[in-house]
Amino acid sequence: YRTYAYFANKKSTVLVAYRLEQLEKKQDVHNQVIDRVYKLEKSVALNSEDIKVANHRIEDLERREK
């Protein structure tokens, strides 16, 4: 019985370690996605600000022409 319990426990430990490794890989992928989304959001905010500035400059130029 002791030998069986030892191998059953060892198998269980190996399985838990494998599952933990898989979860860590998924977490790494998730974290990479979060980092990419953060960078995209920052880029979109900067682009939006650039567009606002460009629109104001166009409006100013259109007013000067009149």
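Scroll up a little and you will see the structure.
For the structure given in this document, a descriptive report is provided here. All figures in this text were calculated on a predicted structure; none of them were measured in a lab.

**As for the overall build of the protein chain**
At step 1: Helices and strands together make up the secondary structure of the protein chain, namely one helix and zero strands.
At step 2: Expressed as lengths along the three principal axes of its C-alpha atoms, the size of the protein chain is roughly 95 × 10 × 5 Å.
At step 3: Residues counted as buried form 0% of the 66 residues belonging to the protein chain.
At step 4: Taken as a whole, the protein chain presents about 6900 Å² of accessible surface, with 57% of it coming from carbon and sulfur.

**Things to note about the pattern of salt bridges**
At step 1: Counted according to the given criterion, the structure contains three salt bridges.
At step 2: Taking the shortest distance from any N to any O, the salt bridge between Arg 63 and Glu 59 comes out at 3.7 Å. One end of the pair, Arg 63, and the other, Glu 59, are both in helix H1 (residues 2-65), four residues apart, so they sit about a helical turn from each other.
At step 3: Among the residues examined, Arg 63 registers a relative accessible area of 56% and is labelled exposed.
At step 4: In this structure Glu 59 comes out as partly exposed when scored by relative accessible area, which is 37%.
At step 5: One salt bridge connects Asp 60 with Arg 63, and the closest N-O pair in it is separated by 3.2 Å. Note that Asp 60 and Arg 63 are positioned in helix H1 at a spacing of three residues, about one turn of the helix.
At step 6: By relative accessible area, Asp 60 is classed as partly exposed at 37%.

**Here's the deal with a nonpolar patch on the surface**
At step 1: The grouping of Val 29, Val 33 and Val 37 at the surface amounts to a nonpolar patch, some 220 Å² of accessible area in total.
At step 2: Tracing the backbone through its elements, the reader meets Val 33 in helix H1.
At step 3: We classify Val 33 as partly exposed; its relative accessible area is 39%.

**Some thoughts on the environment of Leu 61**
At step 1: Among the structural elements, Leu 61 can be located in helix H1.
At step 2: Sequence separation between Leu 61 and Ala 5 is 56 residues; the distance between their C-alpha atoms is 83 Å.

Rules of the game
- Residues numbered from 1 in each chain as written.
- Predicted model: local features only at pLDDT ≥ 70, side-chain atom pairs only at ≥ 80, totals over all residues.
- Heavy atoms only, no water.
- Helix = DSSP H or I, 4+ residues; strand = E, 2+ residues; numbered from the N terminus.
- Buried < 20%, exposed > 50% of the residue type's maximum accessible area, 1.4 Å probe, protein only.
- Areas by Shrake-Rupley, 256 points an atom, 1.4 Å probe, with all protein chains shown as cover.
- Salt bridge = Lys/Arg side-chain N within 4 Å of Asp/Glu carboxyl O.
- Patch = residues over 30% accessible without salt bridge, like charges linked within 9 Å, V, L, I, M, F, W, Y side chains within 5 Å.

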